[in-house]
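Survey of secondary and tertiary structure
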Amino acid sequence: MSMFCYQCEQAYRGQGCHTEGVCGKTPEAAGLQDIIIHQLKGIGYLAHAARKNGKSDVEIDRFILRGLFITVTNVNFDPDRLVETIREAEQVKKNAQALAGNPASVPDSVTFEPKDSREELSAQAARLQITGDHPNEDIRSLQHLLTYGIKGLAAYAEHASVLGYEDECIFAFISEALAALNDSEITLEALVDLNMRCGQVNIRCMEILDEAHTTRFGHPEPTPVSTGRKKGPAIIITGHDLLDMEELLKQTEGKGINVYTHGEMLPAHGYPAFKKYAHFAGHFGTGWQNQQREFNNIPAAVYFTTNCIQEPQENYKDRVFTGGEVGWPGIIHIQKRDFSPVIEKALELNGFEENEGGTLLTGCGRNAVANVADKVVEAVKAGAIKHFFLVGGCDGAKPGRNYYTEFTQQVPEDCVILTLACGKFRFNHLDFGNIGGIPRLLDLGQCNDAYSAIKIAELLAGAFECGVNDLPLTLILSWYEQKAVVILLSLLSLGIKGIRLGPSLPAFITPNIFNFLVEHFDIRPISTPEKDLEAVLAAAS
């Protein structure tokens, strides 16, 4: 094997990518990312040891977040940037060693020294055997579940950190989890506990991310968003980072450039802080996996803020820019949110012609739902609303995801569909109508807004004086990458049962671990929309 990676849903043949990532990741990039994870296990070990003595360094903690985030699927494919991270990690490790007091007995990840050249680094990566670090396949499965869980946790924590919101409990847990990944004698029970705690800590992380967004940008409001285009130069912003959104709008104001969202940036239109910008023109395109087709010869500049980049094609590569942890070889990377190169490119291009388009509704977050909670409760008690379906999660390109479109189309008209994350682009363009003025499709926001979904479930449970598992609510989830993994862990840590997961099960979950999830959480793989709907509604009646 020239590489091995099975951290995302698109793992080749449901087993793993061996010669090149389905995502476009090269063996070299995969190996460099494996080295970064190995280094982070060492840094985490030292940071955890230091914390036992009451010492910590927030700069070390922030580097760990960035280092984990850079290895999330569809984030950074640029070997040069990855090598820079490896070099930086060595200095961070020295700082962590000084903080920990240079403990005498340390794992290999602490003593590891990266080679100088990229060729030598690739050879080192092949010897690390990142995916085969424990002989027991079930322990290895839980180790990887934890690894991917903290990658997702770090991504959300990084989103909050750039807005000035951090929590020591998040930093402490991530370093503890990384330290535990060095333990060759760790038990299944200890790993189950760490995975559940990962979910619990992520709930806290999502809470401070929600606070960061709503404090700075206001609570999202239900907002119809145009999918048409205005005449003139344009910039399309995609990803998740709302601070990038704000800075781009500020720097383009008065320059005759229209700004459009793409993918998971759609919910930005619901925030009051962005509505004052007249040039915030609307939404472009659908899910991230369609970007190569939708950006074909596009007369606009495109800026990627976080994850979900695919290989830019030659017919639009010259107008693509990256920021934050995102990277692709040969693509201009924006530093310190100075969008001058993006603006120059947008003005250089002709821009769009006028096109009316349609509308998409977004901004139906926890505060918006709370404002109509009395109507929702009354509709349920009157029998007008029989059931709630949360249909959301990551979208992807592999066949099988039409399930989610077909499922929502078959949901009875006396049911409400809640959705969030990019999976909604499978069906958010459809007209589902309303029930007594309440839209049957409520877009709760990005995957970053999963806290809204949790609070809405808690709000309904409080109104009906029951537990969340007793609500007429079913979760139909799609996953793709590591943010989805940690959201699943969060739901399981809350004791939520009966989740249906698809389009396929994670390749890193062994049959024994999956049976454990079935036994304790009643988690189920999706089957067909007809069978799943029939089973859910029969159980609810």
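Above this text sits the structure in question.
Residues numbered from 1 in each chain as written. Predicted model: local features only at pLDDT ≥ 70, side-chain atom pairs only at ≥ 80, totals over all residues. Heavy atoms only, no water.

Attention shifts here to the sheet that holds strand 15 (residues 500-502). Reading across from one edge, 13-10-9-14-15-16 is the order of the six strands in this open sheet, with parallel pairing throughout. The open sheet has two edge strands with one neighbour each: strand 13 (441-443) and strand 16 (524-525). With three bridges joining them, strand 10 (residues 415-419) and strand 13 adopt parallel strand pairing. When the bridges of strand 13 are listed, leucine 418 appears paired with leucine 442. Sheet strands touched by helix 14 (residues 402-410): strand 9 (387-393), strand 10, strand 14 (473-478) and strand 15. Its angle to strand 14, the strand with the most contacts, is close to 155°. (Pairing = 2+ DSSP bridges. Helix = DSSP H or I, 4+ residues; strand = E, 2+ residues; numbered from the N terminus. Contact = heavy atoms within 4.5 Å. Axes fitted to C-alpha atoms, helices over the stretch in contact; angles between N-to-C directions.)

To continue, consider the side chain of asparagine 307. Structurally, asparagine 307 can be placed in the loop between strand 5 (301-304) and strand 6 (320-322). A polar side-chain atom of asparagine 307 sits 3.4 Å from a polar atom in the side chain of lysine 483. Asparagine 307 has contacts with Phe69, Val72, Thr73, Asn74, Val75, Gly239, His240, Val326, Glu481 and Lys483, leaving out every residue within four places of it along the chain. (Polar contact = N/O pair within 3.5 Å; in protein donor to acceptor, adjacent residues only side chain to side chain.)

For the rest of this paragraph, the subject is empty space enclosed by the protein. Per the stated rule, a full pass over the model turns up twelve cavities of 30 Å³ or more. Considering only enclosed or pocket space, the largest cavity measures out at about 480 Å³ in volume. Along the walls of the largest cavity sit 36 residues, with Leu477, Ala484, Ile487, Leu488 and Leu491 positioned nearest its centre. Among the elements of the structure, helix 6 (137-161), strand 9, helix 15 (450-463), strand 14, helix 16 (482-493) and helix 17 (511-521) are those that each provide at least two residues to the lining of the largest cavity. (1 Å grid on protein atoms, 1.4 Å probe; cavity = no way out; pocket = protein on both sides within 12 Å on 5 of 7 lines; lining within 4 Å. Points joined across faces, edges and corners; volume = space filled by probe spheres on them.)

On inspection of all chains with the given rule, the structure shows 19 aromatic pairs. For the pair phenylalanine 217 and phenylalanine 274, a centre-to-centre distance of 5.0 Å together with 35° between the ring planes defines the contact as tilted. In this pair, phenylalanine 217 is assigned in helix 8 (residues 188-217) and phenylalanine 274 in the loop between strand 3 (258-262) and strand 4 (280-283), connecting sequence segments 57 residues apart. In terms of burial, phenylalanine 217 and phenylalanine 274 fall into one category: buried. Geometrically, the ring pair formed by tyrosine 271 and phenylalanine 274 is edge-to-face, given 6.2 Å between the ring centres and 70° between the ring planes. In this pair, the class of tyrosine 271 matches that of phenylalanine 274, namely buried. Each residue in the set Tyr260, Phe284, Phe295, Phe304, Tyr316 and Phe352 is aromatic and connected to the rest through ring pairs, giving one cluster. (Phe/Tyr/Trp six-rings, centres within 6.5 Å; stacked < 30°, edge-to-face > 60°. Buried < 20%, exposed > 50% of the residue type's maximum accessible area, 1.4 Å probe, protein only.)

So far we have only geometry, and geometry alone does not tell us how the molecule works.
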